[in-house]
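# Examining the three-dimensional arrangement
Listed below are the residues making up each chain.
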Amino acid sequence: MKYKAVIFDLDGVICFTDHYHYLAWKQLADKLGVPFDETINDRLRGVSRMESLDIILEKSSISISSEQKLEMAENKNNLYREFLYKMSSKDLTEEVSRTLHSLRDKKCLLAIGSSSKNTPLILERIGLDGFFDAISDGNSIARSKPDPEVFLNAAGILGLSPSDCLVVEDAGAGIEAAIAGGFDSAAIGAAASLGRATYNLNRFDDLLKIVEA
Ligand code: B16
Ligand code: MG
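Below you will find a few notes about this structure. Think of each chain on its own: its residues are numbered from 1, step by step along the sequence as written. The lettering of chains begins at A and the numbering of ligands begins at 1, in the order of writing. Two thresholds apply to this predicted model, a pLDDT of at least 70 for residue-level local features and 80 or more for giving and counting side-chain atom pairs, whereas whole-chain, interface and lining totals are computed over all residues. To get the side-chain values, take all heavy atoms of the structure and skip hydrogens and water.

## Concerning the sheet that holds strand 2 (residues 109-113)
A sheet is described by the order of its strands in space; here 6 strands give the open sequence 3-2-1-4-5-6, paired in parallel fashion. At either end of the open sheet lies a strand with only one pairing partner, and these are strand 3 (134-136) and strand 6 (199-200). Should DSSP find at least two bridges between two strands, the strands are taken to pair. Here a strand is any run of E in DSSP of at least two residues, a helix any run of H or I of at least four, and the numbering for each starts at the N terminus. Examined bridge by bridge, strand 5 (residues 184-187) and strand 6 share 2 bridges and lie parallel to one another. Bridge assignment links Ala186 to a residue of strand 6, and that residue is Tyr199. Contact definition: two residues touch when any of their heavy atoms are within 4.5 Å. Only C-alpha atoms enter the line fits that serve as axes; for helices the fit covers just the stretch in contact. Angles between N-to-C directions range over 0 to 180 degrees. Relative to the sheet, helix 7 (residues 149-158) contacts strand 1 (5-8), strand 2, strand 3 and strand 4 (165-169), its axis offset from that of strand 3 by approximately 155°. In this fold helix 8 (residues 172-181) packs onto strand 4 and strand 5, with an angle of close to 165° to the strand it touches most, strand 5.

Written out as structure tokens, the structure is:
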């Protein structure tokens with residue numbers, strides 16, 4: 001096996017909660033009268049909740065205190081979690097599920113490296129609670145992607161060095177975090193067109209060929 005472990009980003013890789021982030025942020029932006037569209041939403045991929053809010057407020061001229069910002073982020077999160085509660089194992093595709101189990105059968109360790117503080121809820125909803133060998137998420141880090149902390153923390157929990165692990169990401173910030181941490185990376189979705197990752201995936205199960213090589 002070329003890698004002893006694969007560290008997966010969550011939103012945009014294992015499942016697709018990005019549209020729920022969009023709907024929740026859009027509601028806040030509309031309330032504030034701030035322009036917000038899918039292009040701005042793309043900049044929020046892999047970025048922490050408070051940094052996402054700062055990006056949305058770039059187009060706002062009103063002055064907002066840090067207390068108000070915290071309240072806004074909490075309101076957005078409550079709305080976002082209403083969408084998450086409606087998710088189920090149907091939101092895990094057959095392809096992702098089959099690939100994860102094939103990697104596990106080959107004794108590859110599997111970890112999550114996500115910026116999201118909602119990781120435990122999302123994994124529980126899609127039926128992957130307790131599945132991964134390590135979880136590093138927004139609750140366990142001080143600096144979000146493109147800082148490599150989230151992936152270094154995952155590798156540390158697995159007891160492996162970055163060169164033993166492959167990071168799978170859909171966000172430019174996540175690929176930069178992998179590079180900064182000394183990890184090889186596989187880009188899927190939006191990140192695959194950036195030309196920064198070690199590998200670009202057309203399909204999720206392309207991972208099997210890469211890890212087995
Ligand atoms: P939360 P990932 C990221 O998840 C999302 O891509 C990003 O849009 C979001 O702001 C961030 O999680 C924080 O999420 O508000 O749930 O803590 O792609 O790193 O799995
Ligand atoms: Mg992502």
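## Things to note about the coordination of the magnesium ion (ligand 2)
A donor here means an N, O or S atom no more than 2.8 Å from the metal, or no more than 3.2 Å when the metal is Na, K or Ca. Since water is not included, a site may seem to lack partners. Taken together, the protein ligands of the magnesium ion (ligand 2) are Asp9 (OD), Asp11 (O) and Asp170 (OD), with distances of 2.0 to 2.1 Å. Each donor residue of the magnesium ion (ligand 2) belongs to the same chain, and together they define the spacing D-x1-D-x158-D. An identical accessibility class is assigned to Asp9 and Asp11; each is buried. For each residue, the accessible area found with a 1.4 Å probe, counting protein chains only, is set against the maximum for its type, and the residue is called buried under 20%, exposed over 50%, and partly exposed in between.

## Considering the site of ligand 1
To be near a molecule or strand, a residue needs just one of its heavy atoms within 4 Å of it. The local shell around ligand 1 holds 18 residues, among which Val47, Ser114, Ser116, Lys117 and Asn118 are the closest. As used in this structure description, the phrase polar contact means that two N or O atoms lie within 3.5 Å; if the pair is within protein, one of them must be able to donate a hydrogen and the other to accept it, and residues adjacent in sequence are counted only when both atoms belong to side chains. Between an oxygen atom of ligand 1 and a main-chain N or O atom of Leu10, the distance comes to 3.3 Å. In the environment of ligand 1, an oxygen atom lies 2.6 Å from a nitrogen or oxygen atom belonging to the side chain of Ser116. A 1.4 Å probe and the Shrake-Rupley method give the accessible areas. Residues count as covered only by the protein chains that appear here. Protein burial of ligand 1: of its 470 Å² of free accessible surface, 98% is covered by the chains. Here the nonpolar group is Ala, Val, Leu, Ile, Met, Phe, Trp, Tyr, Cys and Pro; Asp, Glu, Lys and Arg are the charged ones; every other residue, Gly included, is treated as polar. Considered class by class, the residues forming the shell around ligand 1 number 4 nonpolar, 8 polar and 6 charged.

## Some remarks on the side chain of Lys76
Secondary-structure assignment places Lys76 in helix 4 (residues 66-85). Lys76 has contacts with His21, Ala24 and Trp25, leaving out every residue within four places of it along the chain.

## Remarks on the pattern of salt bridges
A carboxyl oxygen of Asp or Glu within 4 Å of a side-chain nitrogen of Lys or Arg is what we treat as a salt bridge. What the rule picks out here adds up to 20 salt bridges. Between Arg125 and Glu124 there is a salt bridge whose closest N-O contact spans 3.9 Å. Note that Asp205 is salt-bridged to Arg203, the shortest N-O span being 2.8 Å. Arg203 sits in the partly exposed class, given a relative accessible area of 43%. Three or more residues are tied together by salt bridges with common partners; here these are Glu94, Glu95, Arg98, Arg203 and Asp205.

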